[in-house]
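Working through the structure, step by step
Residue-level listing of the chains:
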Amino acid sequence: MAITIYHNPACGTSRNTLAMIRQSREKPRVIEYLIAPPSRQELVDLVQAMGISVRDLLRRKGTPYDTLGLDDPNRTEDQLIEFMVANPILINRPIVVTPLGTRLCRPSEAVLDVLPNPDIGSFTKEDGEVVPTRKAARA
């Protein structure tokens, strides 16, 4: 089963998500989106697949969000997409795509909702938080 993660190795949430995917015995395709950002159409498709607004995908912390005035409610979704394409650091992460769905995995354990084998056993995040064991409920 193909799994893709749009990943930033400098992000703890992204690292935790990738570790959970690997602990589920999957070998994901890892896209470091700051090096190889999604195209405009890929970004539009990801937003649509997640069922969220473009604004919900914007990252504020550590980005030019405020400098660019992206909190302006008059900015259209098309404009916000263009800013993310030009400045991939504005894309919140990690985004995980599986045949079971596409999720913005914040918090990282949200990835368990789209993994074919969410029973990853014991998992402790980098900050020491323990993720409760989840058994596969799919038939």
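All residue numbers here refer to positions counted from 1 along the written sequence of the relevant chain. For this predicted model, a pLDDT threshold of at least 70 governs which residues receive local features, and a threshold of 80 or more governs which side-chain atom pairs are given and counted, while totals over whole chains, interfaces and linings are taken from all residues. Water and hydrogen atoms play no part in the side-chain values, which are based on all heavy atoms of the structure.

**Some remarks on the overall build of the chain**
Each helix and strand in the chain was counted, giving 4 helices and 6 strands. Secondary structure elements are defined from DSSP: runs of H or I of at least 4 residues count as helices, runs of E of at least 2 residues count as strands, and each element is numbered from the N terminus. Starting at the N terminus and walking to the C terminus, you meet the elements of the chain as β-α-β-α-α-α-β-β-β-β. A radius of gyration in this sense is built from C-alpha atoms; the matching globule rule multiplies 2.2 Å by the number of residues raised to 0.38. The C-alpha radius of gyration of the chain comes to 15 Å, within 12% of the 14 Å expected for a compact globule of 139 residues. For the chain, the C-alpha atoms occupy an extent of roughly 45 × 30 × 25 Å along the three principal directions. Exposed residues in this analysis have more than 50% of their type's maximum accessible area, buried residues have under 20%, and partly exposed residues fall in between, with area computed by a 1.4 Å probe over protein chains only. For the chain, with 139 residues in total, the buried portion stands at 43%. Whether two residues are in contact is decided by their heavy atoms: any pair within 4.5 Å suffices. Within the chain, contacts between residues separated by at least 24 positions form 56% of all contacts whose residues are at least 6 apart in sequence. Note that accessible areas follow from Shrake-Rupley with a 1.4 Å probe, and for residues the cover is restricted to the protein chains shown. As displayed, the chain has an accessible area near 7300 Å², and 50% of this comes from carbon and sulfur atoms.

**Considering the sheet that holds strand 3 (residues 95-98)**
Note on pairing: DSSP must find at least two bridges between two strands before they are called paired. With mixed pairing, the 4 strands of this open sheet are ordered in space as 2-1-3-4. The open sheet has two edge strands, strand 2 (29-32) and strand 4 (101-104), and neither has a second partner. Adjacent strand axes in the sheet meet at a mean angle of 15°, parallel and antiparallel pairs treated alike. For strand 3 and strand 4, the ladder comprises 4 bridges, and the chain directions are antiparallel. Its bridge partner being in strand 4, Val 96 is matched across the sheet by Arg 103. Axis lines are fitted through C-alpha atoms, for helices just across the contact stretch, and the angle between N-to-C directions can take any value from 0 to 180 degrees. The sheet contacts of helix 1 (residues 12-23) involve strand 1 (4-7), strand 2 and strand 3, and relative to strand 1 the element is tilted by about 160°. Contacting strand 1, strand 3 and strand 4, helix 2 (residues 40-50) crosses the sheet at an angle of about 100° to strand 4.

**Side note on helix 2**
Three or more residues of helix 2 are buried, namely Leu 43, Leu 46, Val 47 and Met 50. When helix 2 is viewed along its axis, its buried side chains cluster within an angular range of 95° and face the same direction. Of the surrounding secondary structure, the elements contacted by the buried residues of helix 2 are strand 1, helix 3 (54-57), helix 4 (77-86), strand 3 and strand 4. One or two residues past the end of helix 2 sits Gly 51, with phi positive at roughly 70°. An arc is given here, and it is the one of the directions from the helix axis to the C-beta atoms.

**Quick word on the pairing of strand 2**
Working note: regular strand, side chains alternate between the two faces of the sheet. Inspection of the sheet shows strand 1 paired to strand 2 by 4 bridges, in the parallel sense. Bridge assignment links Ile 5 to a residue of strand 2, and that residue is Val 30. The handedness rule is simple: strands pointing away from the viewer, and a clockwise path from the first strand over the helix to the second, make the crossover right-handed. Viewed along the sheet, the connection from strand 1 through helix 1 into strand 2 turns out right-handed.

**Description of the nonpolar core**
Judged by nonpolar contacts, the single largest core of 19 residues is most densely connected at Leu 57, Leu 58, Met 84, Ile 91 and Ile 95. Sorting the residues of this core by element identifies helix 2, helix 3 and helix 4 as the ones contributing at least two each. Counting residues per element, this core draws most heavily on helix 2, which supplies 4 residues. Setting aside residues no more than four positions away along its own chain, Ile 91 makes contact with Tyr 33, Pro 38, Leu 43, Leu 57, Arg 59 and Met 84. If you look at the next biggest cluster of nonpolar residues, it comprises 15 residues, including Ile 5, Leu 112, Ile 120 and Phe 123. Put simply, buried Ala, Val, Leu, Ile, Met, Phe, Trp, Tyr and Cys residues joined by side-chain atoms within 4.5 Å make one nonpolar core.

**Structural notes on the pairing of strand 1**
Across the two faces of strand 1 the burial is the same, with Thr 4 and Tyr 6 and Ile 5 and His 7 all buried. Direction of pairing for strand 1 relative to strand 3: antiparallel, over a ladder of 3 bridges. In the sheet register, Tyr 6 faces strand 3, and the bridge partner there is Ile 95.

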